[in-house]
Amino acid sequence: MGFSQESIKRLNGQFKGIPPEEIISWAIKHATAPVVTTNFRPYEVAILNAVSDVKADVPVIWCDTGYNTPNTYKHAEALIKRLKLNIDLYVPRQTTAQRDSVMGIPQIDDPKHAEFTEQVKLEPFRRAMAAHKPDVWFTNLRKGQTALRDSLDILSLSKDGVLKVSPFYYWSDTQLNAYLKQYNLPNELNYFDPTKVLENRECGLHT
């Protein structure tokens, strides 16, 4: 499946205001190897529910840094069971205990921060994408999260040419809360990303 920037721009104009389920259904029809990525952060349940409602067996790539809160792990297990997610778990090659003893969690201005991010997030993600070789990548990116994400849209191309589909891109927290209430879905706000000091800092996967 190949899309030009012009065709993506045209489709984004058509998809704005369209229900997420319709966008997902369109993408599934055009995909041969779709995946969803998640870290079970707040509101991730929306994309997981929406995609699994359209196609139950889409692989869900979970790159677990090893630093999630107990609440996040319990939330993840509950959603995996409830939504019957086709989870494929990827973890760093180093144990958290080993890294804590050698490196700890470097601050953003520490030269070791780049290596830390590489170990806990970027390398597992690359390994997952290399294994699945997706042509469609469902994400819960939303406008207003980071400067980079503000430059994207419902559809965008990754640097590797994978079509990223963010059906909730223009949704606010208020709209997502209503969606979760409509489907009686839980949310978990107690989330920790060790690679990001600020909430509006880009995680590195989408650059």
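Reference entry: report on the structure contained in this document. The residue numbers shown here count from 1 along each chain, following its written sequence. At least 70 in pLDDT is required for a residue's local features to be given in this predicted model, at least 80 for side-chain atom pairs to be given and counted, and no such filter applies to totals for whole chains, interfaces and linings, which use all residues. For side-chain calculations, the full set of non-hydrogen atoms in the structure is used, while hydrogens and water are omitted.

**A short note on empty space enclosed by the protein**
- The distinction between a cavity and a pocket rests on a 1 Å grid over the protein atoms alone: a 1.4 Å probe fits inside a cavity but cannot get out, while a pocket stays open yet meets protein on both sides within 12 Å along at least five of seven lines, and a residue with an atom within 4 Å of a point counts as lining. Grid points are joined across faces, edges and corners, and a volume is the space filled by probe spheres set on the points. This model, assessed by the stated rule, comprises 1 cavity of 30 Å³ or more.
- Computed from the structure, the largest cavity encloses a volume of approximately 40 Å³.

**Focus on the pairing of strand 3 (residues 86–90)**
- Bridging between strand 2 (residues 59–63) and strand 3 involves 5 bridges; their strand directions are parallel. When the bridges of strand 3 are listed, Trp62 appears paired with Leu89.
- In terms of handedness, the path from strand 2 via helix 4 (residues 70–83) over to strand 3 forms a crossover that is right-handed. When DSSP finds at least two bridges between two strands, those strands are taken to pair. Think of it this way: any DSSP run of H or I at least four residues long counts as a helix, any run of E at least two long counts as a strand, and we number them from the N terminus. A clockwise course of the path from the first strand over the helix to the second, judged with the strands pointing away from the viewer, identifies a crossover as right-handed.

**Describing the side chain of Ser7**
- Assignment of secondary structure puts Ser7 in helix 1 (residues 5–15).
- Think of it in three bands: with a 1.4 Å probe and only protein chains considered, a residue is buried below 20% of the maximum accessible area for its type, exposed above 50%, and partly exposed in between. Judged by relative accessible area, which is 11%, Ser7 ranks as buried.
- Whenever two N or O atoms come within 3.5 Å, that pair is a polar contact, provided that in protein one can donate a hydrogen and the other can accept it, and provided that, for residues adjacent in sequence, both atoms are side-chain atoms. One polar contact links the side chain of Ser7 to the main-chain carbonyl oxygen of Ser4, over a distance of 2.8 Å.

**A short note on helix 2 (residues 20–30)**
- Of all the positions in helix 2, only Pro20, Ile23, Ile24, Trp26, Ala27 and Ile28 are classed as buried.
- Residue contacts are defined here by distance: any two heavy atoms, one from each residue, within 4.5 Å place the two residues in contact. Buried residues belonging to helix 2 abut helix 1, strand 1 (34–38), helix 3 (44–54), strand 4 (136–138), strand 5 (155–157) and strand 6 (163–165).

**A short note on the sheet that holds strand 1**
- In space, the 6 strands of this open sheet follow the order 3-2-1-4-6-5, with mixed pairing throughout. This sheet does not close on itself; its edge strands, each paired only once, are strand 3 and strand 5. Across this sheet, the average inter-strand angle for adjacent strands is 30°, counted without regard to direction. Fitted lines through C-alpha atoms give the axes, limited to the stretch in contact for helices. The angle between two N-to-C directions lies from 0 to 180 degrees.

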